[in-house]
Amino acid sequence: MTATLAFDQYPTDALMRVTQRPEAVFVRGLGSWLWDSTGQRYLDFVQGWAVNALGHAPALITETLVHQAGRLMHTGPGFYNDQAIALAAELTRLSCLDRVFFTNSGAEANEGAIKLARKWGQLHRRGASTILSFGNSFHGRTLATMAASGKPGFDRLFPPALPGFVKLPYNDLAAVEAAIDGHTVAVMLELVQGEAGVVEAEPAFVQGLRRLCDQHGLLLMIDEVQTGIGRCGPLFLHSAYGVRPDVVTLGKGLGGGVPIGALLAREATSCFAPGDQGGTYNGNALVCAVGLAVLQQVARPAFGATVQARGEQLAQGLHELSKRHQLGAVRGQGLLRALDVPGDAAPAIVAALRQRADAKRPGLLLNAARPGTLRFMPALNVGSGEVELALAMLDEVLAELTVCGG
Ligand SMILES: *Cc1c(COP(=O)(O)O)cnc(C)c1O
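Residues numbered from 1 in each chain as written. Predicted model: local features only at pLDDT ≥ 70, side-chain atom pairs only at ≥ 80, totals over all residues. Heavy atoms only, no water.

As annotated in an unreviewed UniProt entry, the protein carries the name Aminotransferase class III-fold pyridoxal phosphate-dependent enzyme and is attributed to Pseudaquabacterium terrae. Under the UniProt heading Sequence similarities (unreviewed entry), the entry covering the protein gives this text: "Belongs to the class-III pyridoxal-phosphate-dependent aminotransferase family." Turning to the protein, the UniProt record has this under Cofactor (unreviewed entry): "pyridoxal 5'-phosphate". (UniProt positions renumbered as here; feature names shortened; annotations may be inferred.)

As structure tokens, this is what we get:
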């Protein structure tokens, strides 16, 4: 056991303050559980922001990391390595896409998708370069992916914004049809807008987008950084919508905690020429070995069935809590779920659940996706007892807080 350290014993000022963090320092994790430096424990329903598909410190990942680190970590992008080849082959076998470019993050995968669309426009659409994206969407924090995002306030940060994006209302097919012109090259969207508070695309909207893209010769680019790798039940959520995208981006769950993303394209869309795209660490053997181990685990039919079952258990429990405490809507699929709460109560509920931790009882880590929305993104292998415990803790805190319901 390591000695316990109080929060103020850590020199946290050495870190740039890019976000508001609670006063706890996490030092250890196992499965659905996290421990802070004072020894308090937390049931973790954030899991690195829907990243730790197999929970904290899963043996599969630690063993793969140790084995691969002692064998080969990195050759640089100018050489093939066996792990990148194997992971790309597995991703193409399991999806309707044909070619893969590996990245270090979801934003970098989307940045690559934007570049691919512009290149494709030069080759096939007389230089068309405008990408249609949607209000409240989130595609990352690079300058191009911020310009693609519809997150309120993003457009005023770091001017000048990269041109070439038109934001449209989500689930409004007529608005998309009206916006298409000779400059349009692609439509880019999330099937569930995670950061917006788990807002789902309607199947008719997504199928309509596929039709419009076919009619006008545009690329349909689906950002599955959050929804992919089993998070919503199916390995890739677009399969549940019955559409075949031209481009898909992955991140988060693919590495199960190690940084890796991927840009996937159909053969006809895969138009990068040598020199167009790259990156020193992209496709390094260490993270690709982990990605392959995670993918093979998550792609098993029994694994997806368990995600669906736990997801339904969570949703059912949230519906009951919503009724009992007079809260709002329950949204989402698989293990990406949200519960609306009155007014702007979500941050206070999140804080109370975390601060509930003491020497005897655990806390619960949740995310307030919006001031009025709680978001749930547990490990994909979370146990039914852990889902039950999370719901019980939430029930207790909701009963204590007068901000919600009766
Ligand atoms: C998290 C996220 C991103 C950005 O991924 P990073 O790894 O943080 O760069 C992009 N798109 C969606 C839908 C996301 O949820």
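That covers the picture; the talk isn't over yet.
This part covers the site of the ligand. Close to the ligand lie Ser 105, Gly 106, Ala 107, Asn 110, Phe 138, His 139, Gly 140, Glu 190, Asp 223, Val 225, Gln 226 and Lys 252. One nitrogen or oxygen atom from the side chain of Asp 223 is found 2.7 Å from a nitrogen atom belonging to the ligand. In the environment of the ligand, an oxygen atom lies 2.6 Å from a nitrogen or oxygen atom belonging to the side chain of Lys 252. For the ligand, the protein covers 81% of the area, taking 380 Å² as the surface of the free molecule. Looking at the shell around the ligand residue by residue, the class counts come to 3 nonpolar, 6 polar and 3 charged. (Near = heavy atom within 4 Å. Polar contact = N/O pair within 3.5 Å; in protein donor to acceptor, adjacent residues only side chain to side chain. Areas by Shrake-Rupley, 256 points an atom, 1.4 Å probe, with all protein chains shown as cover. Nonpolar A, V, L, I, M, F, W, Y, C, P; charged D, E, K, R; others polar.)

Right, let's talk about the domain arrangement of the protein for a bit. As a measure of interface size, the accessible area lost when the parts come together is often cited. Assigned domains of the protein: these are domain 1 (7-58 + 301-400) and domain 2 (72-298). Its C-alpha centre places domain 1 at a distance of 27 Å from the equivalent point of domain 2. Each partner contributes residues to the interface: domain 1 has 25 residues there, and domain 2 has 26 residues. Here domain 1 and domain 2 share an interface that buries about 2100 Å² over both sides, 55% of which is from carbon and sulfur atoms. For the domain 1 face of the interface with domain 2, the top three residues by lost area are Gln 333, Leu 336 and Arg 370, together amounting to 27%. For the pair domain 1 and domain 2, the number of links is 1 salt bridge. Between domain 1 and domain 2 we count 12 residue pairs in polar contact (both at pLDDT 80 or more) in total. Secondary-structure elements contributing two or more residues to the side of domain 1 that touches domain 2 are helix H1 (47-50), helix H10 (301-324), strand E13 (330-333), strand E14 (336-340), strand E16 (367-370) and strand E17 (373-376). At 4 residues, the largest contribution of residues to the side of domain 1 that touches domain 2 is made by H10. Its residues assigned to classes, the side of domain 1 that touches domain 2 shows 14 nonpolar, 7 polar and 4 charged. (Domains from an automatic or database assignment. Contact = heavy atoms within 4.5 Å. Buried area = accessible area lost by both parts, 1.4 Å probe. Salt bridge = Lys/Arg side-chain N within 4 Å of Asp/Glu carboxyl O. Helix = DSSP H or I, 4+ residues; strand = E, 2+ residues; numbered from the N terminus.)

So, on to the sheet that holds strand E7 (residues 184-189). Spatial ordering of the open sheet is given by E4-E12-E11-E10-E7-E5-E6, a layout of 7 strands whose pairing is mixed. Only two strands of the sheet have a single neighbouring strand rather than two, namely strand E4 (99-103) and strand E6 (165-168). Here the average twist between neighbouring strands, direction ignored, is 20°. Relative to strand E11 (residues 247-250), strand E10 (residues 219-223) runs parallel, the two sharing 3 bridges. Pairing of Ile 222 across the sheet is with Val 248, part of E11. Against the sheet, helix H4 (residues 106-124) touches E4, strand E5 (130-134), E6, E7, E10, E11 and strand E12 (261-265), its axis set at about 160° to E11. (Pairing = 2+ DSSP bridges. Axes fitted to C-alpha atoms, helices over the stretch in contact; angles between N-to-C directions.)

Two elements in contact, H10 and helix H12 (residues 384-400), have axes separated by 10 Å at closest approach and are oriented at 15°. Regarding the angle of H10 to H12, the classification is roughly parallel. Crossing handedness for the pair H10 and H12: right-handed. Seen from H10, the contacting residues are Arg 310, Gln 313, Leu 314, Gly 317, Leu 318, Leu 321 and Arg 324; seen from H12, they are Ser 384, Val 387, Glu 388, Leu 391, Leu 394, Asp 395 and Leu 398. Considering only residue class, the contact of H10 with H12 consists of 7 nonpolar, 3 polar and 4 charged. (Parallel < 35°, antiparallel > 145°, perpendicular 65-115°, else oblique. Left-handed = near helix turned anticlockwise from the far one by under 90°.)

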